[in-house]
Amino acid sequence: MHYRHLFHAGNFADVFKHVLLVGLLQALSRKDKPWCYLDTHAGAGSYNLASRDAGRTGEWQQGIGKLRADMGTPPTARRYLELVGWQDGRPELEHTRPYPGSPRLASLLARAGDRVVCCERMPEIAEQLRVHAPGAVVHLRDGYEAHSLLPPAEKRGLVLIDPPFEARDEFDRIAAFMRSAQQRFAAGIQAAWFPQKNAHEAQRFARRAVRDTRQDALLCLLDTGVASAGHLHACGLLIVNPPYGFAADAAAVLAWLTPRLALGPKAYYRIEPMAATGR
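What counts, and at which threshold
- Residues numbered from 1 in each chain as written.
- Predicted model: local features only at pLDDT ≥ 70, side-chain atom pairs only at ≥ 80, totals over all residues.
- Heavy atoms only, no water.
- Helix = DSSP H or I, 4+ residues; strand = E, 2+ residues; numbered from the N terminus.
- Buried < 20%, exposed > 50% of the residue type's maximum accessible area, 1.4 Å probe, protein only.
- Contact = heavy atoms within 4.5 Å.
- Areas by Shrake-Rupley, 256 points an atom, 1.4 Å probe, with all protein chains shown as cover.
- pLDDT = per-residue confidence, 0-100.
- Pairing = 2+ DSSP bridges.
- Axes fitted to C-alpha atoms, helices over the stretch in contact; angles between N-to-C directions.
- Polar contact = N/O pair within 3.5 Å; in protein donor to acceptor, adjacent residues only side chain to side chain.
- Disulfide = S-S within 2.5 Å.
- Arc of directions from axis to C-beta.
- Phe/Tyr/Trp six-rings, centres within 6.5 Å; stacked < 30°, edge-to-face > 60°.

**Q** Got a minute to help me understand the overall build of the chain in this structure?
**A** When helices and strands are counted, the chain shows nine helices and 10 strands. Counting the 279 residues in the chain, one finds 53% classified as buried. Long-range pairs, those at least 24 residues apart, make up 75% of the contacts in the chain with a sequence separation of at least 6. Carbon together with sulfur atoms contributes 52% to the accessible area of the chain, which is approximately 12700 Å² in total.

Listed below in structure tokens is the structure:
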């Protein structure tokens, strides 16, 4: 059975990932030179939160449904809310709106000359993606083959690795991909999302990725503070070769976001710089 992100669209993990993605793409846009965004596991690009499937879990209500812009909203979080379209203070209407996935957010942020490239292995999902991100180049292929698309002609950009974590060896597959991608595109930024179900396993993955790519990294984590059987409560984003100054932007965003997504008193975020060794 193919993973269906619609059940989880707009949840706390999506919000965490997407607000940091906005920050990364905005950092690339500070220079006039064009960038390329490569999404290895793109999905449909947009998700109807009013659908029956989204309503079955209602996860978005503990994610994007809890957020409103206020006087203290950091610029990156405010821009994310503008792109999603949930900043106007009309909660009675918000559940009828589509929630954009990573490819659509990248397409909305792309300037003239920037390029969005996506991999999606399911034909029916790829067709939806072409509708929801009309400017994107869509490849019908396994995302772990996407390293063959590198380096991009732009010579600068971001690779998002965001698999559904259906396989037991997903961390190993991501680490292997990141190593291959770095060998082809050393100047690029790589960002790998992961669910944190086992903190030690996540740390091992991060250390391996930093060792194998031989590049500095930033490990961002968010825990909603409630550990319940069968439900995700923590996730992370490992950013290899992060843009200059991004750590401060991420800290401001997660400091604002964490109390709003908290489900318990032990909610926290952490940002951990990881230095490469042996370069």
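**Q** Is there a simple way to explain the confidence of the model for the chain in this structure?
**A** Low-confidence regions, as indicated by low pLDDT, have predicted coordinates that should not be scrutinised in detail. In the predicted model, the chain carries a mean pLDDT of 90, and 89% of its residues have values of at least 70. For the stretch residues 89–93, pLDDT sits under 50, and the model shows four contacts to residues farther than four places along the chain or on other chains.

**Q** Looking at this model, I keep getting lost on the sheet that holds strand β4 (residues 115–119). Mind explaining?
**A** Whether parallel or antiparallel, the strands of a sheet pair through hydrogen bonds between backbone atoms. If you walk across this open sheet you meet the eight strands as β5-β4-β1-β6-β7-β9-β8-β10, and the pairing is mixed. In this open sheet, the two edge strands, each paired with only one partner strand, are β5 (137–139) and β10 (268–274). Each strand axis lies, on average, 15° off the axis of its neighbour in the sheet, ignoring direction. Of the strand pairs in this sheet, strand β6 (residues 157–161) and strand β7 (residues 189–195) are connected by four bridges, and their pairing is parallel. Across the sheet, the residue bridging to Val159 is Gln190, located in β7. Of the strands in this sheet, β6, β7 and β9 (234–240) touch helix α7 (residues 170–184), which is tilted by about 180° from β7.

**Q** Sorry, what's going on with the side chain of Gln215 here?
**A** Its location among the elements puts Gln215 in the loop between α8 (199–213) and β8 (217–223). Among the polar contacts made by the side chain of Gln215, one reaches the main-chain carbonyl oxygen of Ala186 at a distance of 2.7 Å.

**Q** Just checking my understanding: could you explain unusual backbone geometry for this structure?
**A** A negative phi angle is the norm for most residues apart from glycine, just as the trans form is the norm for most peptide bonds. Residues Leu150 and Pro151 are joined by a peptide bond in cis, for which omega reads 0°. For Pro151, the location among the structural elements is in the loop between β5 and β6. We note that Lys155 has phi near 65°; this positive angle belongs to a residue other than glycine. Structurally, Lys155 is set in the loop between β5 and β6. Of the residues examined, Lys155 reaches a relative accessible area of 54% and is grouped as exposed.

**Q** Sorry if this is basic, but what is going on with the state of the cysteines here?
**A** Where two cysteines share a covalent bond between their sulfur atoms, that bond is called a disulfide. In this structure the tally under the stated criterion is zero disulfides. Distance from the sulfur of Cys118, which forms no disulfide, to the nearest cysteine sulfur (Cys119) is 7.8 Å. Of the residues examined, Cys118 reaches a relative accessible area of 0% and is grouped as buried.

**Q** What exactly am I supposed to notice about helix α5 (residues 102–109) here?
**A** Each full turn of the α-helix corresponds to 3.6 residues, which orients residues three or four apart in the same direction. Along α5, the residues that are buried comprise Ser102, Pro103, Leu105, Ala106 and Leu109. Along the long axis of α5, the arc covered by the buried residues comes to 160°, so they all point the same way.

**Q** Can you walk me through the packing of aromatic side chains in this structure?
**A** Here a ring pair, both rings aromatic, is described through the centre-centre distance and the interplanar angle of the planes. Applying the stated criterion across every chain yields a total of five aromatic pairs. When the centroid spacing of 6.1 Å and the interplanar angle of 80° are considered together, the rings of Phe165 and Trp193 count as edge-to-face. Taken together, the residues Phe165 in the loop between β6 and α7 and Trp193 in strand β7 connect sequence positions 28 residues apart. In this structure, Phe165 and Trp193 share a single accessibility class: buried. Measuring from centroid to centroid gives 5.8 Å for Phe194 and Phe205, while their planes differ by 70°, and the two rings are edge-to-face. Taken as a pair, Phe194 in strand β7 and Phe205 in helix α8 lie far apart in primary sequence, 11 residues in all. With respect to burial, Phe194 and Phe205 carry one shared label: buried. Among the aromatic residues, those joined into a cluster by ring pairs are Phe165, Phe171, Trp193, Phe194 and Phe205.

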